[in-house]
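In case you want the letters, here they are:
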Amino acid sequence: MANGWTRAETEVLARTLLRAPSVHNTQPWRLDLDGDRLLLRERRDLALPEHDPRGRDRLISCGAALANVELAVRVLGYDPATRMFPEAGEPDIVAAIETTGRSAPSDVDLHRYSAIARRGSYRHPFSGRRVSREKIGDLIAAAAESGVEARLIHDELELSRVADLLEFAAEAYQHDLAYQRELALWTIHDEQYHRHGVGLAASTLPAGSLPWAGLVRPGTALPDRRVLQRRLAGETLLVFLTVDDGRFDHLHAGHALQDTWLEAVDDGLAGSVLTQPLHLPEVRSALTEDLELPGFPQAVMRFGYPTGLVTPSPRRAVDEVLGNGF
């Protein structure tokens, strides 16, 4: 694009970026214009040392943001060419996007783009209506577009083991005072007056609802294993797997997660992400071994039909995520 982006196109790119999901709604990214390139940067200053000590979830969040930006570029009528981690000396640049021509967006692009505004973390029980095998197949195929395997967790033995591991992780986090302080810091209690645009709205976190909330607090009533297993059996659970466990893999996992999520929303589903348990090494390794997973688990997603509205999370102002050149 020799003449750069127009103001209207810039607005589309920025607002699409803002609607990407992120760990604790930190929105840990910035988009810069470097000549004809769009540079997506990881904001390492937005750290969660207790929840995300390696920054894995932060990079997964950036992968989801990348999926949104590429989708916006295609909907604007351009062909994006993306290089991940293009600058060896600047590790915070997670992706560079250039345009190689013009073409009309596909029907899939348009459907997923329309789902961006409707996507949100759904932390309540689903309706109980089963997701069809065909739709589950669509979700798995969407993840595969980014080279990531989304594996269905469905049989009784697997669900029983997952319930055990979630219960173990929940108890560990519930008694981790440093983790609880960090979670409290990123929870918005003064929602009526909150203007920061980041954090988890307390009103969207139902009390005592593991695994539906996914965020364990001191007052969360932990269900016993049988109840937890029964809850899990009523949902569609996918675990996202990568071949390796480096930064490229985390970025790809986030890209796949967002593509899958938008596919689900377009199909009338809602979803949410569980990553907390996977930050406990013993849980992650046990899940891999017990389910005989052919890769590294990066996230578990739950899908189903919602019983009410999906509430959007607060967002930063546009000028907070746009860097030089805009």
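Use the structure listed above.
Throughout what follows, the structure given in this document is the object of discussion. Note that the structure is a prediction, hence the values are computed from the model and not measured.

1. As for the sheet that holds strand S1 (residues 29–34)
Move 1: The strand order S1-S2-S4-S3 describes an open sheet built from four strands, whose pairing is antiparallel. A strand with exactly one partner marks an edge of an open sheet, and here the two such strands are S1 and strand S3 (78–84). For this sheet, the mean angle separating the axes of adjacent strands, direction not counted, is 25 degrees.
Move 2: As paired elements, S3 and strand S4 (residues 93–102) share six bridges and run antiparallel to each other. Pairing of Met 84 across the sheet is with Ala 95, part of S4.
Move 3: Strands S1, strand S2 (37–42) and S3 of the sheet are contacted by helix H1 (residues 7–18), whose axis makes an angle of about 155 degrees with S1.

2. Remarks on the sheet that holds strand S9 (residues 270–274)
Move 1: Ordered by their spatial adjacency, four strands build an open sheet running S5-S8-S10-S9, and the pairing between neighbours is antiparallel. Sheet topology places strand S5 (149–153) and S9 at the edges, where each strand pairs with a single neighbour. Across the sheet, the mean angle separating the axes of adjacent strands is 30 degrees when strand polarity is ignored.
Move 2: Of the strand pairs in this sheet, S5 and strand S8 (residues 236–242) are connected by five bridges, and their pairing is antiparallel. Pairing of Leu 152 across the sheet is with Leu 238, part of S8.
Move 3: Packing of helix H5 (residues 156–174) onto the sheet brings it into contact with S5 and S8, and relative to S5 it is tilted by some 100 degrees.

3. Brief notes about the environment of Asp 138
Move 1: As for its placement among the helices and strands, Asp 138 is situated in helix H4 (residues 133–144).
Move 2: For Asp 138, a relative accessible area of 30% puts it in the partly exposed group.
Move 3: Separated by 140 residues in sequence, Asp 138 and Leu 278 have C-alpha atoms that sit 25 Å apart.
Move 4: Not counting chain neighbours up to four residues away, the residues in contact with Asp 138 comprise Glu 263 and Asp 267.

4. Re the nonpolar core
Move 1: Core analysis: the largest hydrophobic core is formed by 29 residues, its most contacted members being Leu 13, Leu 38 and Leu 40.
Move 2: Counting residues per element, the ones that place at least two in this core are H1, S1, S2, helix H2 (56–75), S3, S4 and helix H10 (318–321).
Move 3: Listed in part, the 26 residues of the second largest apolar core include Leu 165, Leu 215, Leu 287 and Leu 291.

5. Some thoughts on the pattern of salt bridges
Move 1: By the definition in use, this model includes 20 salt bridges.
Move 2: Residue Arg 112 pairs with Glu 263 through a salt bridge whose shortest N-O separation is 3.1 Å. Residue Arg 112 is located in helix H3 (residues 107–116), and its partner Glu 263 is located in helix H8 (residues 247–266); the two are separated by 151 residues in the primary sequence. By the burial criterion, Arg 112 is buried, and Glu 263 matches it.
Move 3: Via salt bridges that share partners, Arg 30, Asp 32, Arg 41, Glu 90 and Asp 92 belong to a single interconnected network.

6. Notes on the pairing of S2
Move 1: In terms of residue burial, S2 counts as a mostly covered element, since six of its six residues are buried.
Move 2: Here S2 shows no split at all, with Arg 37, Leu 39 and Arg 41 on one side and Leu 38, Leu 40 and Glu 42 on the other all buried.
Move 3: Bridging between S1 and S2 involves six bridges; their strand directions are antiparallel. The residue bridging Leu 33 from the neighbouring strand is Leu 38, located in S2.
Move 4: Taking the residues between adjacent antiparallel strands as the criterion, S1 and S2 are bridged by two residues, where Gly 35 takes a positive phi near 65 degrees.
Move 5: Relative to S4, S2 runs antiparallel, the two being bridged by four bridges. Note on S4: the bridge partner recorded for Arg 41 is Ile 93.

What counts and what doesn't
- Residues numbered from 1 in each chain as written.
- Predicted model: local features only at pLDDT ≥ 70, side-chain atom pairs only at ≥ 80, totals over all residues.
- Heavy atoms only, no water.
- Pairing = 2+ DSSP bridges.
- Helix = DSSP H or I, 4+ residues; strand = E, 2+ residues; numbered from the N terminus.
- Axes fitted to C-alpha atoms, helices over the stretch in contact; angles between N-to-C directions.
- Contact = heavy atoms within 4.5 Å.
- Buried < 20%, exposed > 50% of the residue type's maximum accessible area, 1.4 Å probe, protein only.
- Core = buried A, V, L, I, M, F, W, Y, C linked by side-chain atoms within 4.5 Å.
- Salt bridge = Lys/Arg side-chain N within 4 Å of Asp/Glu carboxyl O.

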